[in-house]
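# Fold and contact review
If you want the building blocks of each chain, they are given just below.
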Amino acid sequence: MTRTRLLWVAAAVVVLNCVVVRATDLTVVRVAVGLPSLLLAPGLLVTIACTPPRASDWATVITFSVAASLAVVALGSILLDAVGIPLGAEALSVWVAAVGVEALGIALLRWRDEPACEGPRIAMSGGGMLASVASIAMVTTALAFSVSWAHDRPESNRVAGFTELSVVPAQRGAVAVTVRSNETRPMEYAVRITQPPGSADAASFALRPGREWRGRFTVGQAGKVTVMLRSVHGEVLRRSVSIDGSRAVQP
Amino acid sequence: MSLDSGEATNREGLLTIALRRRSRERRQPALAWVPVVAAIGALGLLLIERGFDLARVNGDLAQARLLLWAGLAAMLIPALIALVSQSPTRGQRLWIVGLLALLLYSIKIIYGPNGVVFPDEYFHFANAQQILDHQHLYTKNELLPASSSYPGLPAIAAAMSQISGLKLFASSVILIAVARVLLLVGLFLLFERLAGDSRIAGLGAVFFAASPNFFYWSAQFAYESLAFPLLVLALLAALRAADDERVGSTHLAAILASCVVVTHHLTGFALAAILWALIVVARTRRSSAPVPVSLAIYVSVAALAWILLVATGTESYLGGIFSRAYHSVSDALGNHGATRTPFQTSGFPTPLDDKVLAASSALLAVALSAVAIVRHRRQGADHALVVLFDVLAALTVVTFALRVFPGAWETGNRASSYVFLGVAFGTAGVVAAWASGGRVRALLAVVGGAVTIAGASVIGWPAAAQLPRADAVRVDGAVVRSETAAATRWLCEHVTPSSHVVADENVGRLLLINGFDHVLVGVLWPGSDLLHGTTFSTDSMNYLRRDRTNYVVVDQRRISSDNALGRFFPRPSGDVNPGTYPPLARAKYDALAGAQKVYDNGNIVIYGVNGTTPLLRRHCGGSL
């Protein structure tokens, strides 16, 4: 591909991105157009506009292009923010396109007297290209498998479980009590509510790991309401939370 | 200039030699170096993932570590064999360097595939999240105020997320992956320009991974992780600009330098310092400066203007770090200050084999740097950047030495990336020349290189955090979260994000990325008093009342102060920071007028203070 054609393709990508951002929410399309238009195309145009033709090999051009693209986005965000334009997708894509088109114009004007030349070439045979693509595929496949395996929450009974108890005010003079089991085995619990002058067993129930129990109890307005949780079968588990009775009266 | 053969030292000579070499390389038969390195490296990644899985379920940790080292060896050794060998072409070396950058970053990805996990990532992720939420920059970040004044990284991540539709976390991973590849490929191009040899360039780029910060610290989603690769490329563009009479190349260097300045404070100043150092060295040697003076002036003015006009307050943040370092060293040297025992993380001992590996890495780096400096002087290498690299390499010992002083540890750690520019370049030249002397030497060079790089990962990251931990596990088909994650989720579900919360390092960070703006953590004044003191000091009581604190999250475990490990399930077989804070640290709130204990999960209790009661709010985001 000639340098001039490469410039036009890069400019087309950044302009197309403006359309895609407005036209579709499909992530696949937006990734396919959006990432090159943020991470490669504007920098490519800027790099070619700044540096003389034939001065760089493909690796240098691509490396500078990616870096310059990042700079275009970062500096553009700062500029847009400074003039009070919200940093939305549309504003950013228009900024990137504007810089790209301007760089295209500069490059075409600046190097118009240079003899037509090839763009940065990837000095690689067909086999070499195939090997490189295969290499990237192998690494990304391994990464995809690894991430997929690592993404799953591991099965484990070696962690120390625990139980959560909380109390929040509910409407009409009541409190909402929540018990959540993060234990590694099923547990039976008992809840006792104390508010001077009395106290009473409020509920007993069993929870499997990861499950939650919610209760709602009407309480008096005066005095501190204390909710105590214990496990039924004598395991060492004591939790308590408290709340002012007056705070339980919510509109 | 070719440093290993003492050939002509002018720039034309350099370019001619490089072009001839490339032409020769193109005629050589293509060997399948790249796919072999990729295939074995990919297997290595799978091995590491298996090891990480074992570590997450608290399985056999020794086996998990073995799998980590085996996987790392599978990534490094084939790449080093290829790069030490004479036969790969320049293009193949470049591919190998790029692939290795990707493979090594993949380790971080599978370390925390579900969200941010490293201590500094929370600050920058929260900044990016704020940009997405509010669509403007410089939002408040109470945990690391300086970070929001340098919006380069979060602005790019937010733009990627908005334009591509990807989640912010996915965008942040892609951005740092790009930065990592840029770093090693940029170093390749920089070293190649200096040495005129793609073999030295490839080895140098890979040896940079022996910088103690490379594996984990610099893989974080943090501003320095992006700024440093841009510094390398700005430097390369500056060198090119000096060779090119047309002004455009300087413009490219200035664009990249501007991005460095708005991305990270220290890196911006470091770039200015490097450019001036190059000019001074060139002047003292009466040769033409290798970078344009105008660029050095521009970067200096831009960095100063940014810190004075935009990032106000950053100077006190940086001043604090350097002041701590200075006082720590001067106190220790004056025999009245503490020193830090290497290889100790909050009482957690580093395994012996890790210590041996780390010590070997440090010794090899220092020794090879010394050999490289002597070699360069003997060869009369007079390029200003080579001289500067030698000075940086000589400072390696200093950065390692700073690690034994508690207050200077951070400075030594941060400086290591810069000094390893010199170490990597010098070491590559020495190894390339030495390994050319036969297969045994080449093999020793490969093993030495792998040991140096792998050992650096032990130096730069706490031993207890080398392997990942789980913050949620699946039990009986349901997801069970760690105590820290559970308490944070409760706050997200019941409390408005505008609430003022005092919390430990881990809950505080998780709240930050879930939209809580006003969080005070234990490390900041008077957080430690409020969370760990047995009584209320006047300062802490004033803070509670004056700043209208709404909630205090008290974790009685000492590990809650560890910002790398505290949010995960603890290891059942002994762990860092064992034990608990005194019971009074928590009980003092029971006696505090108006305080209500609204949540209790055993180790963590949440108090509503100042008469606050929780409000049912929302479901928390996907990060919990």
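Residues numbered from 1 in each chain as written. Chains lettered and ligands numbered in written order. Predicted model: local features only at pLDDT ≥ 70, side-chain atom pairs only at ≥ 80, totals over all residues. Heavy atoms only, no water.

## Points about the overall build of chain B
Test applied: Working definition: helices are DSSP H or I runs of at least four residues, strands are E runs of at least two. Numbering for both runs from the N terminus. Burial classes: relative accessible area under 20% of the type maximum marks a residue as buried, over 50% as exposed, and values in between as partly exposed (1.4 Å probe, protein chains only). Should any heavy atoms of two residues lie within 4.5 Å, those residues are considered in contact. Each accessible area is a Shrake-Rupley result for a 1.4 Å probe, and residues are judged covered by the shown protein chains and nothing else.
The helix and strand tally for chain B stands at 24 helices and nine strands. Evaluated residue by residue, chain B yields a buried proportion of 64% over its 624 residues. A sequence separation of at least 24 residues applies to 72% of the contacts in chain B between residues at least 6 apart. Here chain B has roughly 21200 Å² of accessible surface; of this, 63% comes from carbon and sulfur atoms.

## Some remarks on the overall build of chain A
In terms of regular secondary structure, chain A is built from six helices and seven strands. N-terminal to C-terminal, the α/β element order of chain A is α-α-α-α-α-α-β-β-β-β-β-β-β. When each of the 251 residues of chain A is scored for burial, the buried share is 49%. The contacts of chain A with a sequence gap of at least 6 include a subset with a gap of at least 24, amounting to 63%. A total accessible area of about 11900 Å² is found for chain A, and carbon and sulfur atoms account for 59% of it.

## Structural notes on helix 23 (residues 538-546) of chain B
All names here are of chain B. Note the threshold: The directions considered for the arc are those from the helix axis to the C-beta atoms.
Ser 540, Tyr 543 and Leu 544 are the residues of helix 23 that are buried. For helix 23, the angular spread of the buried residues around the axis is 95 degrees, confining them to a single face. Residues of helix 23 that are exposed and point over 90 degrees away from its buried face: Thr 538 and Arg 546. In this structure, the buried residues of helix 23 make contact with strand 5 (500-503), strand 6 (518-521), helix 22 (527-532), strand 7 (551-555) and helix 24 (584-590). Positive phi shows up at Arg 548, right after helix 23, with a value of about 50 degrees.

## With respect to the sheet that holds strand 9 (residues 604-608) of chain B
Keep this limit in mind: We treat two strands as partners when DSSP finds at least two bridges between them. Each axis is a line fitted through C-alpha atoms, and for a helix only the stretch in contact is used; angles between axes span 0 to 180 degrees, taken between their N-to-C directions.
Read from one edge of the open sheet, eight strands run 5(A)-2(A)-1(A)-8(B)-9(B)-7(B)-5(B)-6(B), paired in mixed fashion. What marks the edges here is a single partner per strand, and that holds for strand 5 (212-218) of chain A together with strand 6 of chain B. Within the sheet, the average angular offset between the axes of one strand and its neighbour, ignoring direction, is 25 degrees. In this sheet, strand 7 of chain B lies alongside strand 5 of chain B in parallel orientation, the contact comprising two bridges.

## A look at the environment of Val 96 of chain A
Residues and elements named next belong to chain A. Residue position: Val 96 is located in helix 5 (residues 89-110). Looking at Val 96, the relative accessible area reads 2%, which means it is buried. As a C-alpha pair, Val 96 and Ala 32 span 64 residues in sequence and 16 Å in three-dimensional space. With near-sequence residues (within four places) excluded, Val 96 lies in contact with Val 14, Ser 37, Leu 38, Pro 42 and Val 73.

## So, the packing of helix 10 (residues 223-243) of chain B against helix 12 (residues 265-284) of chain B
Residues and elements named next belong to chain B. Test applied: Convention used here: angles under 35 degrees read as roughly parallel, angles over 145 as roughly antiparallel, angles from 65 to 115 as roughly perpendicular, and any remaining angle as oblique. The handedness criterion is simple: a crossing whose near helix is rotated anticlockwise from the far helix by less than a right angle is left-handed, and one whose near helix is rotated clockwise is right-handed. Note that Gly is not counted as nonpolar here; it falls among the polar residues with everything else outside the nonpolar set of Ala, Val, Leu, Ile, Met, Phe, Trp, Tyr, Cys and Pro and the charged set of Asp, Glu, Lys and Arg.
In contact at an axis separation of 9 Å, helix 10 and helix 12 are set at 20 degrees when each is read in the N-to-C sense. With respect to each other, helix 10 and helix 12 are oriented roughly parallel. Seen along the crossing, helix 10 lies across helix 12 with a hand that is right-handed. Between helix 10, through Tyr 223, Glu 224, Ala 227, Phe 228, Leu 231, Ala 234, Leu 235 and Ala 238, and helix 12, the contact on the second element is made entirely by His 265, Thr 267, Ala 270, Leu 271, Ile 274, Leu 275 and Leu 278. Split into classes, the residues belonging to the contact of helix 10 with helix 12 amount to twelve nonpolar, two polar and one charged.

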